Amino acid sequence: MDKLIITAALTGAEVMKEQQPALPISPEEIASAAYECFLSGASIVHIHARDSSGRPTQSREVYRDIMERIRSKCDLIFQPSTGGAVWHKVEERAQPLDLDPEMATLSTGTCNFGHDVFFNSEETIEYFAHKMKKRGIKPEIEVFERGMIENALRLQKKGLIESPIHFDFVLGVPGASPGNIEDLIHMVNAIPAGSTWTVAGIGRNELPLATFAILLGGHVRVGFEDNVYYAKGELALSNAQLVQRVVRIARELGREVATPSEARAILGIRRKD
Ligand code: KMH
Ligand code: ZN
């Protein structure tokens, strides 16, 4: 079994400081949270930027600031969001790709997202895939519903993404796929052999799905974007605290944790300086 890749999803576009006082918002806070997660065992950071008032932004310059701050501290794989917030326009969402990150997210379908709709037409999906291919950016396919796997395979047939594909099953978003163990198994059974996958369990789904992924040979995403609690009714103290728990569980279950260099080798990505 490959070593375990832990992704820390530090901020997201939906959670606010009122819900989680330790939510990192400014580039300085995000970089410092990223470094703590690196020291704790994360090898990828999934980043959403915020503006100075705390609102989600897809500004290339804010992402650049965050990326440079993180790079000055450690060799974490920087994975910006191209999903942004549900109200961001496609061109805004694409801005972090101009920074040529090693990886970026690519959502391959539309779904309900809480009270909103996260809209990704075929044209939008292909636009992002084409941009990433041209720039040599490894896509992480965000799967909120089962059909999004088929859409990714269609992209692969068209030559817009390369094998092996790396999937992230985001399970438990209200309005999209639930986050039961059976849902995860259903997704894992639907992807081609040789693919890699991670799971981001939303809210109370985070811990059981992470534990199950460790056992199944998948990878794990945790962090405030997905879940702000450590236990029922108890807020987590930091993103790093959530990473540290995954590391402890992995060790207990006999699965070693990947460094960023090892994660690059597992995912087939080249380091960009
Ligand atoms: N904030 C969601 C609407 C991604 O980062 O690529 C989309 C999202 C996916 O979080
Ligand atoms: Zn995200």
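The structure reproduced in this document is the subject of the present report. As the structure is a computational prediction, the values presented were derived from the model and not from experiment.

Parameters and conventions
- Residues numbered from 1 in each chain as written.
- Chains lettered and ligands numbered in written order.
- Predicted model: local features only at pLDDT ≥ 70, side-chain atom pairs only at ≥ 80, totals over all residues.
- Heavy atoms only, no water.
- Axes fitted to C-alpha atoms, helices over the stretch in contact; angles between N-to-C directions.
- Helix = DSSP H or I, 4+ residues; strand = E, 2+ residues; numbered from the N terminus.
- Parallel < 35°, antiparallel > 145°, perpendicular 65-115°, else oblique.
- Left-handed = near helix turned anticlockwise from the far one by under 90°.
- Contact = heavy atoms within 4.5 Å.
- Nonpolar A, V, L, I, M, F, W, Y, C, P; charged D, E, K, R; others polar.
- Near = heavy atom within 4 Å.
- Polar contact = N/O pair within 3.5 Å; in protein donor to acceptor, adjacent residues only side chain to side chain.
- Areas by Shrake-Rupley, 256 points an atom, 1.4 Å probe, with all protein chains shown as cover.
- Salt bridge = Lys/Arg side-chain N within 4 Å of Asp/Glu carboxyl O.
- Buried < 20%, exposed > 50% of the residue type's maximum accessible area, 1.4 Å probe, protein only.
- Expected span 1.5 Å × (residues − 1).
- Pairing = 2+ DSSP bridges.

## Section: the packing of helix α7 (residues 206–216) against helix α8 (residues 239–252)
Phase 1: The contact between α7 and α8 brings their axes to 10 Å, and the two run at 40 degrees. Relative to α8, the element α7 lies oblique. The interaxial crossing formed by α7 with α8 has right-handed handedness. On the side of α7, the interface is formed by E206, L207, T211 and I214, while α8 contributes L242, R245, V246, I249 and A250.
Phase 2: Counted by class, the contact of α7 with α8 contains 6 nonpolar, 1 polar and 2 charged residues.

## Quick word on the site of ligand 1
Phase 1: If you check the shell around ligand 1, you find A13, E14, H46, H48, S81, G83, G84, V86, T105, F113, F118 and E225 and nothing else.
Phase 2: The separation between an oxygen atom of ligand 1 and a polar side-chain atom of H46 is 3.1 Å.
Phase 3: For ligand 1, an oxygen atom lies 3.3 Å from a polar atom in the backbone of G83.
Phase 4: Protein chains bury 98% of the 300 Å² of accessible surface belonging to ligand 1 in isolation.

## A short note on the pattern of salt bridges
Phase 1: One pass over the structure, following the stated rule, counts 17 salt bridges.
Phase 2: D98 is the partner of R60 in a salt bridge, and the nearest nitrogen-oxygen pair spans 2.7 Å. Here R60 is found in helix α2 (residues 60–71), whereas its partner D98 is found in the loop between α3 (90–93) and β6 (103–107), with 38 residues between them in sequence.
Phase 3: Relative accessible area serves as the criterion here: at 29%, R60 is assigned to the partly exposed category.

## Considering α8
Phase 1: With 14 residues, α8 extends 21 Å from end C-alpha to end C-alpha; this agrees with the ideal 20 Å at 1.5 Å per step.
Phase 2: Burial runs high along α8: 10 of the 14 residues are buried.
Phase 3: Those residues of α8 not exposed but buried are N239, A240, Q241, L242, V243, R245, V246, V247, I249 and A250.
Phase 4: On the buried face of α8, the contacting elements are β1 (6–9), α1 (27–40), α7, β12 (219–222) and β13 (229–231).
Phase 5: Just downstream of α8, G254 is the residue with a positive phi angle, here 80 degrees.

## Things to note about α1
Phase 1: In a regular helix each residue adds 1.5 Å, so 14 residues correspond to 20 Å; α1 covers 20 Å between its end C-alpha atoms and thus fits that length.
Phase 2: All of the buried residues in α1 are P27, I30, A31, A33, A34, C37 and S40.
Phase 3: Buried residues belonging to α1 abut β1, β2 (44–47), α2 and α8.
Phase 4: Backbone geometry just after α1 places G41 at a positive phi near 130 degrees.

## Some points on the sheet that holds strand β5 (residues 77–80)
Phase 1: Across the sheet, which stays open at both edges, the 8 strands sit in the order β5-β2-β1-β12-β11-β10-β9-β6 with parallel pairing between neighbours. Each of the sheet's edge strands pairs with one partner strand only, and the pair in question is β5 and β6. Adjacent strand axes in the sheet meet at a mean angle of 25 degrees, parallel and antiparallel pairs treated alike.
Phase 2: In this structure, strand β9 (residues 138–143) lies alongside strand β10 (residues 166–171), joined through 4 bridges in parallel fashion. What sits directly across from E140, in β10, is H166.
Phase 3: Running at roughly 160 degrees to strand β11 (residues 196–201), α7 makes contact with β10, β11 and β12 of the sheet.

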